[in-house]
Amino acid sequence: MRDPYTVLGVSRSASEKDIKSAYRKLAKKYHPDQNPDDPTAHAKFAEATHAYDLLSDSAKRGQFDRGEIDAEGNPRFAGFGNGGFGGASRGARPGAGAGAGGFSAEDILKEFMSGFGGQPRGGAAAGARGGAQWDPFTGTTAGSAGGRMGKGDDVIVNVTVSLEDAHKAASVPVRMPSGKVLSVKLPEKVEEGQQIRLKGQGSPSPYGEPGDALVTVRFEKSKTFRKDGHDVRTDVPVTLYEAVLGAKVRVPTLDGSVELTLPPGMDTSKALRLKGKGLYGDGDLYVNIRVVLPPGGDADLEALARFMRDQKPYKVRD
């Protein structure tokens with residue numbers, strides 16, 4: 001990791017207030033909830049949070065300034081004195097402080113997370129802080145996020161699904177950043193933008209369990225259907241004589257095609273409604289009938305049209 005002062009953009013003589021202010025700006029700019037599809041922003045957020053964790057703790061900052069620990073918070077195995085790391089006693093354990101002015105990274109994140117609709121998520125605030133840190137007194141590693149024990153970062157993945165698959169809550173393939181493809185079952189009545197958490201499918205960690213994958217669902221544009229809330233609309237072409245005389249035609253639905261009876265003299269300006277045939281059965285299916293004339297024209301049809309124009313005209317516009 002880079003020098004924490006460089007990461008936060010402050011001098012080595014920066015006050016606790018300056019450090020906190022610098023971190024606040026970077027956290028707001030690079031927070032994963034603000035940049036869901038930008039892995040570079042996620043990495044900068046994690047780096048800034050780790051730097052703040054180190055510099056906001058007076059004991060850790062002092063150890064770093066004296067060269068006793070590196071930018072990751074790990075001890076430099078040289079220059080130990082007085083039976084401890086840089087003279088630190090067991091009663092003043094490194095990393096045990098509350099941070100600058102009594103604030104931790106979580107405290108700062110909570111101040112503006114209300115604008116994102118909740119508390120910092122594991123991958124955003126805790127898991128993104130750079131994993132585990134060495135405890136020189138116990139000889140073990142522990143995650144910098146309390147209780148996470150070095151859990152890996154969460155990853156954000158998008159998946160585009162068809163209306164048919166969403167309607168059926170089907171299993172769809174999802175490609176992870178690692179290249180691995182998983183079969184993911186869609187939730188019942190999944191909505192656009194909904195996230196599915198895949199536990200343990202995020203970034204690995206050498207110190208503990210891997211992070212999670214947050215799969216964001218998007219609906220692909222359908223060639224057959226148009227989504228209108230939970231209602232669905234579709235177009236069905238018919239011949240001129242079917243529209244005039246009536247007919248039975250096959251109509252596509254999200255559950256497969258069905259037979260629809262067209263009444264004689266079908267008014268194509270109005271859609272036919274199939275109740276309960278929309279998305280998830282909550283909405284309706286609206287069928288728009290489109291009259292298609294014979295290709296290349298037809299002499300008899302043209303003669304009939306001229307006869308109606310001249311002998312039996314009718315108004316369809318004001």
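Notes on the structure follow. (Residues numbered from 1 in each chain as written. Predicted model: local features only at pLDDT ≥ 70, side-chain atom pairs only at ≥ 80, totals over all residues. Heavy atoms only, no water.)

## Looking at the environment of Arg273
Here's step 1: Looking at where Arg273 falls in the secondary structure, it is placed in strand β12 (residues 272-274).
Here's step 2: Arg273 sits 11 residues away from Asp284 along the chain, and the two C-alpha atoms are 6.7 Å apart.
Here's step 3: Apart from residues no more than four positions distant in its own chain, Arg273 is found in contact with Asp284, Leu285 and Tyr286.
Here's step 4: Reaching out from Arg273, the side chain makes a polar contact with the side chain of Asp284 at a distance of 3.2 Å. (Helix = DSSP H or I, 4+ residues; strand = E, 2+ residues; numbered from the N terminus. Contact = heavy atoms within 4.5 Å. Polar contact = N/O pair within 3.5 Å; in protein donor to acceptor, adjacent residues only side chain to side chain.)

## What to know about the side chain of Asn35
Here's step 1: The topology assignment puts Asn35 in the loop between α2 (16-30) and α3 (39-55).
Here's step 2: Overall, Asn35 belongs to the buried group, its relative accessible area being 18%.
Here's step 3: Within the structure, the side chain of Asn35 is placed 3.1 Å from the backbone oxygen of Lys29, a separation counted as a polar contact.
Here's step 4: Residues in contact with Asn35, not counting those within four places in the same chain, are Lys29, Tyr30, Ala41 and His42. (Buried < 20%, exposed > 50% of the residue type's maximum accessible area, 1.4 Å probe, protein only.)

## Side note on the sheet that holds β12
Here's step 1: In space, the four strands of this open sheet follow the order β8-β9-β13-β12, with mixed pairing throughout. Looking at which strands have only one partner, the edges of the open sheet turn out to be β8 (226-228) and β12. Neighbour-to-neighbour, the strand axes of the sheet open up by a mean angle of 35°, direction not taken into account.
Here's step 2: For β8 and strand β9 (residues 231-239), the ladder comprises three bridges, and the chain directions are antiparallel. Bridge pairing in β9 links Asp228 to Asp231. (Pairing = 2+ DSSP bridges. Axes fitted to C-alpha atoms, helices over the stretch in contact; angles between N-to-C directions.)

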